[in-house]
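Chain by chain, the residues run as shown.
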Amino acid sequence: MTTDDRDSVERVLACIDRTELVRLTQELIQIPSVYRPQEPGGNEQAVAGYVADYLSHHGLTVQRDEAAPGRLNVWAVFEGTRPGKTLLFEAHTDVVTEGEPASWSQPPFAGSVVGSRIYGRGACDTKGNLAAAVLAVLAIKRAGIEFPGRLILCHPVDEEGLMLGIKRFIRAGHAQGVDAAIICEPEENQLCIAQKGALRVAVRFTGRMAHGAMPLSGVNPITRAARFVVAVAALERHEIERHGRDPLLGYPSLTPTILRAPASGEPQLNVIPAAADVALDIRTVPSQSHAALVARLQECLDWLRADDPLLHAELTVLDDRPCTETPRDSAIVRAAADAYRAVTRQEPRFNGVPGATDGTFLHAWAGIPIVTTGAGCRTVPHHADEWVDIDELETTCRLYAATALRFSAEG
């Protein structure tokens, strides 16, 4: 890094205001953005509108697009002083449910500051990191430095669901020309260069309603579903034995997350339901084949059916998210690692993402190299009392800004 480059970094970092970062994080948390389709306005629209207005107020060119009715993607572009590479910062606007508010020590949508932490749903996943990305780009703008290239702030909806937002962003052509992306997620500022793949699978078991006192007059889908869940556990053990532990991603998993009977309507203690649903959240490592896994699940159903002609089941793949991996010698990984050294005076920590992110599709569909990093303890998302450490969040903002500078400087 030249003297001019170091001077630019210092000028940019001096424009990062900790108080502004805390305030913006709080304001984002205070706008609930849980997707609740049964409630009027129960989606990301309010926070998307707030982000759009904030970016526009600070002089960025802002665009909006509906990924689904009432669910707005928002993105903004900062144009540098001359042509160069394009770096995208991605941070979603939706958050998961807060659950039971009484289980929180702080109100889930207050954005309370307690000691060195900001509490609230989305504090670390990922509204704090969204704020850090926004202020990192604004710091580059405010510093008035020579900056080659473009920076895009991309804030899609539905990352916690089927990732409709980023899929729409890519399909509409808005990711074209992007050279690399930083995926802003809670990773304790580790540089995550791999992500697990994900399969979302649903299986509907169809039986025949009957009185619970006369079970032989019906067909119980619950016992059939239970046998399938046991078979899935055996398949998971087989996959772990076969593929072992990936150095960055750990072990693969096949996790039943939903067992519902009846499949719809109210259950009743003395009624055998007509149908039962099982949902699986499957996380994979690069050595696994998603097509082969789906075939093995179907084989499990076929084996069970061979012993039980009354078993009727239909398997549906709801979503298929491939593993991703970015080489350590790629430009974005080198830039992020150099930024980490410059900001922290320490060597970067490399890791993998235990789940999938919007970066999955930026990488798999658009061919964009990605690094996933940001503030927040990796085990805190989706818990009650979600929090982010303010010091760590400030470091994240500085890392984002320094990464953008280093990436652009490579030409």
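Overview of the structure. Everything numeric here is computed off the predicted structure, so don't read it as measured data.

## Things to note about helix α2 (residues 18-29)
Here is step 1: For α2, spanning 12 residues, the distance from its first C-alpha to its last is 17 Å, which sits close to the expected 16 Å at 1.5 Å a residue.
Here is step 2: What α2 keeps buried is the set E20, L21, V22, L24, T25, Q26, L28 and I29.
Here is step 3: Along its buried surface, α2 packs onto α3 (45-57), β4 (113-114), β5 (117-119), α4 (123-143) and α10 (390-409).
Here is step 4: Where α2 starts, the residue carrying a side-chain oxygen 2.8 Å from the main-chain nitrogen of T19 turns out to be D17.

## Observations concerning the sheet that holds strand β18 (residues 387-389)
Here is step 1: Strands sit in the order β4-β5-β18 across an open sheet of three strands; the sheet is antiparallel. In the strand order of this sheet, the two ends are held by β4 and β18, each with one partner.
Here is step 2: Pairing analysis gives three bridges linking β5 to β18, with the strands arranged antiparallel. Looking at the pairing, R117 lines up with D389 of β18.

## Describing the packing of aromatic side chains
Here is step 1: What the rule picks out here adds up to six aromatic pairs.
Here is step 2: Ring geometry for F78 and F147: centres 5.9 Å apart, planes at 45 degrees, overall tilted. Residue F78 is located in strand β2 (residues 71-79), and its partner F147 is located in the loop between α4 and β6 (148-155); the two are separated by 69 residues in the primary sequence.
Here is step 3: Exposure remark for F78: the relative accessible area of 12% places this residue in the buried category.
Here is step 4: Residue classification places F147 among the buried residues on the basis of a relative accessible area of 2%.
Here is step 5: Between F89 and Y400, the ring centres sit 5.5 Å apart and the planes meet at 55 degrees, which makes this aromatic pair tilted. Taken together, the residues F89 in strand β3 (residues 82-90) and Y400 in helix α10 connect sequence positions 311 residues apart. Of the two residues, F89 and Y400, neither departs from the other in class, the shared state being buried.
Here is step 6: Looking at R71, its charged tip hangs above the ring of Y35, at a distance of 3.6 Å from the centre.

## What to know about the side chain of K196
Here is step 1: Structurally, K196 is set in the loop between β8 (191-195) and β9 (197-206).
Here is step 2: D246 provides the closest opposite charge to the buried, salt-bridge-free K196, at an N-O distance of 8.5 Å.
Here is step 3: A distance of 2.5 Å separates a polar atom in the side chain of K196 from the backbone oxygen of Y251.
Here is step 4: Not counting residues within four places of it along the chain, the set of residues in contact with K196 comprises L249, Y251, P252, R283, T284, V285, P322, C323, V353, P354, G355 and A356.

## Examining the nonpolar core
Here is step 1: Residues L87, F89, V134, I140 and L151 are the most contacted members of the largest nonpolar core, which totals 72 residues.
Here is step 2: Sequence-distant contacts of I140, that is, excluding residues within four places in its chain, are made with V12, F78, I145, F147, L151, A401, A404 and L405.
Here is step 3: Counting 21 residues, the second-largest nonpolar core is a separate cluster that includes L199, V203, L293 and L315.

## Re helix α7 (residues 290-307)
Here is step 1: With 18 residues, α7 extends 27 Å from end C-alpha to end C-alpha; this agrees with the ideal 26 Å at 1.5 Å per step.
Here is step 2: By the burial criterion, the buried members of α7 are H290, L293, L297, C300, L301 and L304. Down the axis of α7, the buried side of the element spans an arc of 90 degrees, and every buried residue falls inside it. Facing away from the buried side of α7 by more than 90 degrees, the exposed set consists of A291, W303 and A306.
Here is step 3: Buried-residue contacts for α7 involve β9, α6 (221-243), β11 (253-260), β13 (275-284) and β14 (312-321).
Here is step 4: Among the residues of α7, the N-terminal cap falls to S289, whose side-chain oxygen and the backbone nitrogen of A291 are separated by 3.4 Å.

## Notes on the pattern of salt bridges
Here is step 1: All told, the structure shown has 25 salt bridges when counted by the stated rule.
Here is step 2: R71 is paired through a salt bridge with D158; the nearest N and O atoms lie 3.3 Å apart. Pair noted here: R71 is in strand β2 and D158 is in the loop between β6 and α5 (164-171), with a separation of 87 residues, a long-range link. In this pair, the class of R71 matches that of D158, namely buried.
Here is step 3: Across the pair D277 and R204 runs a salt bridge, and its minimum N-O distance is 2.3 Å.

## Things to note about the pairing of β2
Here is step 1: The buried count for β2 comes to eight of nine residues, which makes it a mostly enclosed element.
Here is step 2: The pairing of strand β1 (residues 61-68) with β2 spans seven bridges and is antiparallel. Bridge pairing in β2 links D65 to N73.
Here is step 3: Between β1 and β2, which pair antiparallel and follow one another directly, the connecting turn spans two residues, one of which, G70, has a positive phi of 75 degrees.

## Quick look at the sheet that holds β9
Strand pairing in a sheet is mediated by backbone hydrogen bonds. Such pairs are either parallel or antiparallel.
Here is step 1: In space, the four strands of this open sheet follow the order β11-β13-β9-β14, with antiparallel pairing throughout. Two strands bound the open sheet, and with one partner strand each, they are β11 and β14. Sheet twist, expressed as the average angle between the axes of neighbouring strands with direction ignored, equals 20 degrees.
Here is step 2: Examined bridge by bridge, β11 and β13 share seven bridges and lie antiparallel to one another. Residue L259 lies in a different strand from β13, and its bridge partner there is V278.
Here is step 3: In the packing of α6 onto the sheet, the strands contacted are β9, β11 and β13, and the crossing angle to β13 comes to about 10 degrees.

Conventions and cut-offs
- Residues numbered from 1 in each chain as written.
- Predicted model: local features only at pLDDT ≥ 70, side-chain atom pairs only at ≥ 80, totals over all residues.
- Heavy atoms only, no water.
- Helix = DSSP H or I, 4+ residues; strand = E, 2+ residues; numbered from the N terminus.
- Expected span 1.5 Å × (residues − 1).
- Buried < 20%, exposed > 50% of the residue type's maximum accessible area, 1.4 Å probe, protein only.
- Contact = heavy atoms within 4.5 Å.
- Polar contact = N/O pair within 3.5 Å; in protein donor to acceptor, adjacent residues only side chain to side chain.
- Pairing = 2+ DSSP bridges.
- Phe/Tyr/Trp six-rings, centres within 6.5 Å; stacked < 30°, edge-to-face > 60°.
- Lys NZ or Arg CZ within 6 Å of the ring centre and 35° of its normal.
- Lys, Arg positive; Asp, Glu negative; His and termini not counted.
- Salt bridge = Lys/Arg side-chain N within 4 Å of Asp/Glu carboxyl O.
- Core = buried A, V, L, I, M, F, W, Y, C linked by side-chain atoms within 4.5 Å.
- Arc of directions from axis to C-beta.
- Axes fitted to C-alpha atoms, helices over the stretch in contact; angles between N-to-C directions.

These figures capture arrangement, not role.
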